[in-house]
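One-letter residues, chain by chain:
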Amino acid sequence: MRRSSRPLAAVIAFLTFLGLLLPTGATAATGARSTPLPSVVPRPQAMARLGPDVRVPAEVRVVYGDGVDRPTRELVAAVLRRAGAKRLRGGSGPGLTVTVGRLAEARVAKALRSAGGRAPGELPAQGYALAARGSAVALAGADADGTYYAAQTLRQLVTGARRIASVSVVDHPLMPLRGVIEGFYGSPWTHAERMDQLAFYGDVKMNTYIYAPKDDPYHREKWREPYPADRLAQLGELVRQATAHHVRFTFALSPGNSLCYSDPAEFTALRTKLGAMYDLGVRSFSVPLDDISYTRWNCDADRAAYGEPSRRAAGEAQADLLNRVQKEFLDAREGTAPLQTVPTEYGDVTDTAYKQALRERLDPRVEVMWTGTDVVPPRITVADAARAAAVWGRKVFVWDNYPVNDYGQAEGRLLLAPYDAREAGLHQQLSGLVLNPMNQAAASKVALFGGAAFAWNDTAYDPDRTWRAAAAYLAGGEQDAATVSALLSFFDTQHLAPTFGAEPWQPQAPELAARLARFGTDWDAGRRRAALAALRPLAARLATAPATIQAGVADRGFVADCAPWLDALALWGRAFERTLDALGARLDGDTRKAERWFAEASSLAGQAGRIRTIPGETRPEGPVRVADGVLDTFLAAAPGLGGSPGRGGGSDG
């Protein structure tokens, strides 16, 4: 993987060029109405243009308020240098002045007003106001997080060489917790992948990472044992990386498979393990109790304490454990966040004796995670979340099992469809939202990009536009329409999003399927040469997309994650081209050439079908799937399409 913390990639110039996101708020006053607003992801609550772009001179004065942390200072400096500044100085004076600090500080609020911004009377936590006009730029945060997020927005306002968009922004997140839970089965992410992910979360204003990889033995099976020194050192580095990008590192310990709830020594072991993480700097903890059996006890002492195994007894035992962790461990230490847990019944809204026990006994501060109305739900609605809040007796914290691909229906798949089918307004019912990603860390960024935008501002979320923004981000922000187009074509071939049942909640290759359907209509109507001509550019794009992606995508981790699928797509694309060639030859009456090209297409498709997932990378492993059920179906059926000209003749005329 390519980075832990590096100068942030510029993406917005490209997004503005394509007009991928709808503008937020009004355009400018007289003289600037024709200039579009820049695209900012996540979309701010309010943004309006103030005037012509601010020119960035070679020398810029930067004034920091009290308590602006080093990561924010470094980010502001990197953005200004990328915008063209050669020298950054402090103090007042002529030329462009950038003021950074908290809104509550009088000089920061004054600078905001001088730059044309609005100083709201009160900003929610993590919120900020920003303004840029003339020779002044001001970033005013409600708190340290808000100031950092203002700098992340400034990064996206760089519209070109020596230019910053002249806008006023007032913004804050609608969900307080937004992020990722590394909670999948199979090969955990590498240390380098986690470092890269934490930097990415800062870019997209996620603030939560939950460390809970199922196949880390010290997280689950060996939960009582301390981490080896080298692993502990890596965890410490992750905590520092998270802090540098304003991400809360949550350490999860999952003891439920072997825990004896009533044994004092077990709680001591749990407290010792969590204490070692606290000493590393962790201040947020989770004790998940998912994917365990509550129809048996792990020790006779629990039967004596709670009775025969039952849902009610399990809920009572779990509540007692979690309450002790909250009161005896977290309350006894400074700076800790409320405990989080994943209950054993995490994927429904049915009231049970288990849920009743937790609702009645569990400390109200404990955050309860919920995956929706199923383990992999086809949708999550406001009404669903309200029912979940009722049965758990508190707002729930959603663990969304997308784009995770560790289950049978996802075999051989990358899940690259946009984050979707989550209802606007969920922020009113949730305490937060985290996505469970794929084993392929960098490839997961496509969906995570959307999840971050939704959690920040679900009321203005647009899945398709954010999907396109994710493609531009992966391309590194260059004005390279070819790379973004290639990525979107590749995403389309990996669009299927399965559930635990037979029906997916997002279809496979919808753009390709629509184009093939139009082809079929034209072919059946006799417009056969026109049908072939219309489809050839798409076939060529699929055939060449892998090489374009491999050459043009800045995120090399993404290229590595997707390598088998890109290799397969190149073969499927060539098979697609050869199939169209064969159909054309048949229209020309050249049966021999048509047969030869159909055979070549079949051979290429066979080669593609034999490519498998990277060994050890995912569970389950298997052949990679590329637009399956769409492209392969068309190629298999193509030799049987009528060869004689239709009503319009072989030349459609």
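Here, residues in each chain are numbered from 1, in the same order as that chain's written sequence. Totals for whole chains, interfaces and linings use every residue, but because this is a predicted model, local features are given only for residues with pLDDT of at least 70 and side-chain atom pairs only at 80 or more, for both listing and counting. Working from all heavy atoms in the structure, the side-chain values ignore hydrogens and water.

Asker: Just give me the short version of the sheet that holds strand E2 (residues 54–55), but keep the residues and values in it.
Answerer: Pairing between strands is defined by DSSP: at least two bridges between the two strands are required. Numbering of helices and strands runs from the N terminus, with a helix taken as a DSSP run of H or I at least four residues long and a strand as a DSSP run of E at least two residues long. Read across the open sheet, the three strands follow the order E2-E9-E8; overall the sheet is antiparallel. Edge strands, defined here as strands with exactly one partner in the open sheet, are E2 and strand E8 (158–160). Where E8 meets strand E9 (residues 163–164), two bridges bridge the pair, whose relative direction is antiparallel. Along E9, the bridge assignment pairs Gly-160 with Arg-163.

Asker: Break down the pattern of salt bridges for me, with residues and values.
Answerer: For salt bridges, the criterion is a side-chain nitrogen of Lys or Arg within 4 Å of an Asp or Glu carboxyl oxygen. Tallying each qualifying case throughout the model produces 35 salt bridges. Ionic pairing is found between Arg-70 and Glu-74, a salt bridge with its closest N-O pair at 3.7 Å. Taken together, the positions of Arg-70 and Glu-74, both in helix H2 (residues 70–82) and four residues apart, correspond to about one turn of that helix. Among the ionic pairs, Arg-413 bridges to Asp-628, the shortest N-O distance being 2.7 Å.

Asker: Report on the environment of Val-484, specifying residues and quantitative values.
Answerer: Examined against the element boundaries, Val-484 turns out to sit in helix H14 (residues 481–493). Residue exposure (1.4 Å probe, protein chains only): buried if accessible area is under 20% of the type maximum, exposed if over 50%, otherwise partly exposed. Classification of Val-484 by relative accessible area gives buried; the value is 4%.

Asker: How would you summarise the environment of Val-287 if you had to cite specific residues and measurements?
Answerer: As for its placement among the helices and strands, Val-287 is situated in the loop between strand E14 (284–286) and helix H8 (300–306). Under the relative-accessibility criterion, Val-287 is labelled buried at 0%. Here, two residues are considered to be in contact whenever any of their heavy atoms come within 4.5 Å of each other. With residues up to four places along the chain from it excluded, the contact list for Val-287 reads Leu-253, Pro-255, Leu-321, Leu-322, Val-325, Leu-339, Gln-340, Thr-341 and Val-342.

Asker: Describe the state of the cysteines, naming the residues involved and giving the relevant values.
Answerer: For this text, the term disulfide refers to a pair of cysteine sulfurs within 2.5 Å. Taken as a whole, this structure holds one disulfide when the rule is applied. A sulfur-sulfur distance of 1.9 Å marks the disulfide that ties Cys-260 to Cys-299. Classification of the bridge connecting Cys-260 and Cys-299 rests on its S-S torsion, roughly 70°, and on that basis the disulfide is right-handed. In this pair, Cys-260 is assigned in the loop between strand E13 (248–252) and helix H7 (264–280) and Cys-299 in the loop between E14 and H8, connecting sequence segments 39 residues apart. A residue is classified by how much of its surface remains accessible, and Cys-260, at 8% relative accessible area, is buried. Cys-299 gets classed as buried once you look at its relative accessible area, which sits at 16%.

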